[in-house]
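Chain by chain, the residues:
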Amino acid sequence: MTAAGGARFEPDRLDDQAYLTEGDPSGMLRSVASSAAQMRAAYRSSVENGLARIGRDGRPRAIVVAGMGVSALAGDVLEALCRYGAPVPVVTVRGHRLPGWAGAADLVIAVSRSGRTEETVAVTAEAVRRGCALVGVGAPDTPLSALVARVGGPYVPVGGATGVAGQPKATLWSLVVPPILAAAALGLVSAGESEFESAAKRLEDLAHRCRPSSESFINPGKTLAMELAGTLPLIWGTSPLAAVAARRLADRLGGDAGYPAIWGELPEAAHNQIVTFDGPLAGRDLFADPFADEPGESPRLRLFLLRDVEEHPLVAASRTAAVRLAEDRGVPVSEIAAEGAHPLDRLAALVGLCDYASVYLALGYGMDPASAAAELRARISQ
Ligand SMILES: O=P(O)(O)OC[C@H]1O[C@H](O)[C@H](O)[C@@H](O)[C@@H]1O
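Residues numbered from 1 in each chain as written. Predicted model: local features only at pLDDT ≥ 70, side-chain atom pairs only at ≥ 80, totals over all residues. Heavy atoms only, no water.

Going by an unreviewed UniProt entry, the chain carries the name SIS domain-containing protein and comes from Microbispora maris. Entered under Sequence similarities (unreviewed entry) in the UniProt record, the comment concerning the chain runs "Belongs to the PGI/PMI family." (UniProt positions renumbered as here; feature names shortened; annotations may be inferred.)

### Some remarks on the overall build of the chain
Scanning the chain from N- to C-terminus turns up 13 helices and 11 strands. Over its C-alpha trace the chain gives a radius of gyration of 21 Å, about what one expects of a compact globule, namely 21 Å for 382 residues. With the principal axes as the frame, the chain shows a C-alpha extent of 70 × 45 × 40 Å. Pairs at least 24 residues apart make up 77% of the contacts formed inside the chain by residues separated by at least 6 positions. (Helix = DSSP H or I, 4+ residues; strand = E, 2+ residues; numbered from the N terminus. Rg over C-alpha atoms; globule rule 2.2 N^0.38 Å. Contact = heavy atoms within 4.5 Å.)

### Some points on the packing of helix H3 (residues 35-48) against helix H7 (residues 172-185)
Viewed as axis vectors pointing N to C, H3 and H7 meet at an angle of 40°, and their least axial separation amounts to 8 Å. In terms of crossing hand, the pair formed by H3 and H7 is right-handed. Residues Ser 35, Gln 38, Met 39, Ala 42, Tyr 43, Ser 46 and Val 47 of H3 touch H7, and the partners they reach there are Leu 172, Trp 173, Ser 174, Val 177, Pro 178 and Leu 181. Residues that form the contact of H3 with H7 fall into these classes: nine nonpolar, four polar and no charged. (Axes fitted to C-alpha atoms, helices over the stretch in contact; angles between N-to-C directions. Left-handed = near helix turned anticlockwise from the far one by under 90°. Nonpolar A, V, L, I, M, F, W, Y, C, P; charged D, E, K, R; others polar.)

### Focus: unusual backbone geometry
The amide bond that connects Leu 266 to the next residue, Pro 267, takes the cis arrangement and shows omega of 15°. Turning to its location among the elements, Pro 267 is positioned in the loop between strand S9 (262-265) and strand S10 (300-307). One non-glycine residue, Asp 141, lies in positive phi territory at about 55°. Mapped onto the fold, Asp 141 is located in the loop between strand S6 (133-138) and helix H6 (143-150). With relative accessibility at 71%, the residue Asp 141 sits in the exposed group. (Buried < 20%, exposed > 50% of the residue type's maximum accessible area, 1.4 Å probe, protein only.)

### What to know about the sheet that holds S9
Across the sheet, which stays open at both edges, the four strands sit in the order S9-S8-S10-S11 with parallel pairing between neighbours. Two strands bound the open sheet, and with one partner strand each, they are S9 and strand S11 (333-337). Sheet twist, expressed as the average angle between the axes of neighbouring strands with direction ignored, equals 20°. Of the strand pairs in this sheet, strand S8 (residues 231-237) and S9 are connected by four bridges, and their pairing is parallel. (Pairing = 2+ DSSP bridges.)

### A word on helix H9 (residues 220-228)
Among the residues making up H9, those that are buried are Gly 221, Lys 222, Leu 224, Ala 225 and Leu 228. In a view along the axis of H9, the buried residues occupy a sector of 160°, so they form one face of it. Residue Asn 219 occupies the N-cap position of H9, its side-chain oxygen lying 2.9 Å from the main-chain nitrogen of Gly 221. Two residues or fewer after H9 comes Gly 230, characterised by a positive phi angle close to 75°. (Arc of directions from axis to C-beta. Polar contact = N/O pair within 3.5 Å; in protein donor to acceptor, adjacent residues only side chain to side chain.)

### Quick word on the site of the ligand
The environment of the ligand is made up of 10 residues, and the closest members are Ser 71, Ser 112, Arg 113, Ser 114 and Thr 117. One nitrogen or oxygen atom from the side chain of Ser 71 is found 2.6 Å from an oxygen atom belonging to the ligand. Within the side chain of Ser 114, an N or O atom sits 2.7 Å from an oxygen atom of the ligand. Sort the elements by how many residues they give to the shell around the ligand and helix H4 (residues 69-82) lands first, with three residues. For the shell around the ligand, the class distribution of residues is three nonpolar, five polar and two charged. (Near = heavy atom within 4 Å.)

### With respect to a negative patch on the surface
Negative charge collects at one region of the surface, where Glu 10, Asp 12, Asp 16 and Glu 22 lie side by side. Looking at the secondary structure, you find Asp 16 in the loop between strand S2 (7-9) and helix H1 (17-22). Accessibility expressed as a relative area gives 36% for Asp 16, which makes it partly exposed. (Patch = residues over 30% accessible without salt bridge, like charges linked within 9 Å, V, L, I, M, F, W, Y side chains within 5 Å. Areas by Shrake-Rupley, 256 points an atom, 1.4 Å probe, with all protein chains shown as cover. Salt bridge = Lys/Arg side-chain N within 4 Å of Asp/Glu carboxyl O. Lys, Arg positive; Asp, Glu negative; His and termini not counted. Charge placed at Lys NZ, Arg CZ, Asp CG, Glu CD.)

As structure tokens, this is what we get:
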């Protein structure tokens with residue numbers, strides 16, 4: 001169907017059960033299917049490790065979530081949940097340093113699946129020096145857990161049998177749940193057992209609908225993968241929460257398939273990225289070889305709109321206008337609608353589907369979704 005970096009997307013692979021097993025030796029599809037179990041286990045573990053009690057000494061002035069890659073998304077989720085309703089600001093730090101203002105009145109939640117990521121450990125050590133309150137989430141018996149233990153902060157262990165080959169991208173829900181429970185204990189968001197259970201049920205339902213044995217024409221995960229294939233995806237969220245899901249999809253496409261994508265959030269995306277609708281990658285490829293066996297060989301822009309249930313009315317208007325403009329400029333549009341009332345439900349609906357689509361995209365290109373870009377990552381972190 002389409003070629004990228006030498007790999008060809010073959011839609012038939014997605015309905016070839018033997019291939020889906022052989023092409024995914026680490027069981028990345030199984031790990032996506034474990035999302036609901038991860039959410040339930042992370043909830044229990046967070047409660048057992050004292051997160052539900054952290055509000056007893058009052059609220060912090062601000063919360064800093066320190067993490068990199070997938071772990072940093074835990075901060076983005078928390079920030080999106082708290083942005084409009086909580087009296088405490090939430091900031092995500094991706095890097096080596098705490099913001100200058102952070103001090104003893106603030107809470108630092110350090111998240112690292114491995115417990116060893118250089119940047120996160122450095123920020124946590126700085127938080128210890130400045131006397132910040134600390135919560136940790138990550139592998140036990142690591143530099144991160146040792147730092148959190150030094151100040152007697154709660155630590156939610158993530159690891160053991162959880163996830164595929166210890167990959168953080170396969171353990172998103174284990175990393176995201178503890179900071180939310182901490183914020184709930186502080187009275188900043190309303191999320192308890194029934195909300196986590198409802199989101200887990202939604203993930204379970206998606207796992208059923210997107211299961212490998214379900215054929216492409218009724219499987220929403222495979223359908224979305226086929227819409228992504230061969231395009232340059234422009235992925236927009238229509239709320240802060242949906243934008244986190246957009247970022248997650250873009251990150252996963254890179255991590256699973258080495259596939260580039262651009263993510264954004266409305267209304268901001270309508271002020272800049274929308275210009276690409278008039279750019280060289282929009283519409284039909286004027287330079288495409290008209291005699292090529294397979295048309296559309298060079299990637300063209302496609303807009304993926306992750307629609308939240310709660311949209312600002314003016315954002316809804318700019319979404320409608322953007323869709324009209326895209327159609328006008330020959331840019332195909334896929335709309336993925338969140339479902340559910342609670343934000344956790346809506347996040348699960350969007351991320352759950354996108355996670356499947358990304359793994360199916362990698363498999364459609366004949367790539368092992370557990371090892372894409374592993375060598376590049378290893379080389380840059382040396
Ligand atoms: O969660 P951590 O172990 O700290 O890892 C943080 C990040 O590290 C690397 O960059 C990996 O490629 C990412 O997938 C991961 O999310």
